[in-house]
Every structure is written in C-alpha cells, then in structure tokens.
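What the coordinates show
In case you want the letters, here they are:
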Amino acid sequence: MHLPAVEVSQSPEDKFREYLASRPRPQRYTDQQRDMVRFIFSQHNHFDAEQLIDDMKRAGFAVSRATVYRTLNKLVDAGLLRRLELGPRMFYEHDYGYPQHEHLYCQKCGKVIEFQNPAIEAIIRDVGTQHNFHTSGHTFIVRGTCADCNRARVTKRMLDLV
Ligand SMILES: [Zn+2]
Ligand SMILES: [Zn+2]
C-alpha cells in the first residue's frame, strides 16, 4: 500500500541539482548520481544501501559502493530522502513529494506498513505548541510482529500440539 504523492514544484532531479550547485564548493551532477536519483524515485520503497546496490546492479547499472553511500548522505542532506532506523541497518525512503506518515515494522520478516492517523498529527502539533517548538517532521516507528508472522506462529504452535 502506498500513500498518494504530494504535489511538488520541482522534480527530484532538479531539486538535487540545485542542492549540489548551492554547496559552498559547487558539485557536478554526475551520471551515476542521475541514475541513482531516477532509480530511487521511480517507486516508493524502504531500502538500505546494500539493497539499492543489488537492485541497481540487477537493473544493469554500473554503480560504485562508495558513490552510493556518499550520494545517499547528500540526498538526505538535500531533503529528498529521510533515514529510518529500523534494525541494525539504516534504511531510506522518499521524503520529498511524499506525505508525512508513520511505520509499523515487523521484526520477524522486515515488512514495513505505512499509516497515517490524524490523532498522532494532532498530538505532535499540541506538544509543539506547548513547547513553542516549530516542528518540521518526525519519525515514528512501531516495532512488533505483523499479521502474517502472527498467523505463522499460531499455526506452528497448533502443529506442535498435535
Ligand atoms: Zn512479519
Ligand atoms: Zn515510509
């Protein structure tokens, strides 16, 4: 399930190019970076760097590990991606052009379920107001076991009883 995209004025590529050009030492937008931005923004996903490297290689792109790690950091810095600390590895997902949402993370199979809930938004707004704090975003991850894994566990327990 994917949430509907948010309307944005610039393409992710243009936004990233602008970010690179605005650095204290302006940087060139390389072919490898262009491949990465296009690949990442072709679908919404929660991915880690190694997964991205494998997927891009499988799709026929020549990517260097060092470039991928460096570019991921820049994409976070540019506001295009955000980091998600799901397990021992760092995950990434679209921030630019994608609505604020929360996550359920299954610790058994690694599934990530996205959801939105107005009550959570309201609480965060209230807390921000109380502290005179201007909020710009948040990361909310609920850890546990998904329905499929729960079912598998119950089935296994029943089989053990037979
Ligand atoms: Zn699961
Ligand atoms: Zn997400």
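Described in the following lines is the structure provided in the data block. The shown structure was predicted, so the numbers you read here are calculated from the model rather than taken from an experiment.

**Describing helix α2 (residues 31-40)**
- Residues of α2 that are buried include every one of Q33, D35, M36, V37, F39 and I40, and no others.
- Next to the buried residues of α2 lie α1 (12-21), β1 (47-48), α3 (49-58), α4 (65-77), β2 (81-85) and β3 (90-94).

**Considering the coordination of the zinc ion (ligand 2)**
- Ligation of the zinc ion (ligand 2) by protein atoms is provided by H46 (NE2), E93 (OE), H101 (NE2), H103 (NE2) and E114 (OE), these donors lying 2.0 to 2.2 Å from the ion.
- Read in sequence order, the donor residues coordinating the zinc ion (ligand 2) give the pattern H-x46-E-x7-H-x1-H-x10-E. With E93 in strand β3 and E114 in strand β5 (residues 112-115), this residue pair connects regions lying 21 residues apart in the sequence.
- Take E114: its relative accessible area is 4%, and that puts it in the buried class.

**Comments concerning the coordination of the zinc ion (ligand 1)**
- Coordination sphere of the zinc ion (ligand 1), protein contribution only: C106 (SG), C109 (SG), C146 (SG) and C149 (SG), at 2.3 Å.
- One way to put it: the 4 donor atoms around the zinc ion (ligand 1) meet at angles of 105 to 116°, and that makes the site tetrahedral.
- Read in sequence order, the donor residues coordinating the zinc ion (ligand 1) give the pattern C-x2-C-x36-C-x2-C. Of this pair, C106 sits in strand β4 (residues 102-106) while C149 is found in helix α6 (residues 147-161), placing the two residues 43 residues apart along the sequence.

**Notes on the packing of α1 against α4**
- α4 packs onto α1 with a crossing angle of 95° between their chain directions and a minimal axis gap of 10 Å. Compared by their axis directions, α1 and α4 come out roughly perpendicular. Between α1, through F16, Y19 and L20, and α4, the contact on the second element is made entirely by T71, K74, L75 and D77.
- Each residue belonging to the contact of α1 with α4 can be placed in one class, and the counts come to 4 nonpolar, 1 polar and 2 charged.

Cut-offs applied
- Position numbers for residues start from 1 in each chain and track the written sequence from start to end.
- Here the convention is simple: chains get letters from A, ligands get numbers from 1, in the order in which they are written.
- Selection of residues for local features in this predicted model requires a pLDDT of at least 70, selection of side-chain atom pairs for listing and counting requires 80 or more, and totals for whole chains, interfaces and linings are taken over all residues.
- Each side-chain value is derived from all of the structure's non-hydrogen atoms; neither hydrogens nor water enter the calculation.
- Burial classes: relative accessible area under 20% of the type maximum marks a residue as buried, over 50% as exposed, and values in between as partly exposed (1.4 Å probe, protein chains only).
- Counting from the N terminus, the helices are the DSSP runs of H or I reaching at least four residues and the strands are the DSSP runs of E reaching at least two.
- Two residues qualify as a contact provided that any one of their heavy atoms is within 4.5 Å of a heavy atom in the partner residue.
- Any N, O or S atom lying within 2.8 Å of the metal counts as a donor, and for Na, K and Ca the limit rises to 3.2 Å; water is left out, so some sites can look incomplete.
- A four-donor site is called tetrahedral if each angle lies between 85 and 135 degrees; a four-donor site is square planar, and a six-donor site octahedral, when trans pairs exceed 155 degrees and the remaining angles lie between 65 and 115; all other cases are labelled irregular.
- Axes, fitted as lines to C-alpha atoms, cover a helix only where it is in contact. Angles between the N-to-C directions of the axes lie from 0 to 180 degrees.
- Each angle gets one of four labels, with under 35 degrees taken as roughly parallel, over 145 as roughly antiparallel, 65 to 115 as roughly perpendicular, and the rest as oblique.
- Think of it as three bins: nonpolar holds Ala, Val, Leu, Ile, Met, Phe, Trp, Tyr, Cys and Pro, charged holds Asp, Glu, Lys and Arg, and polar takes everything else, Gly as well.

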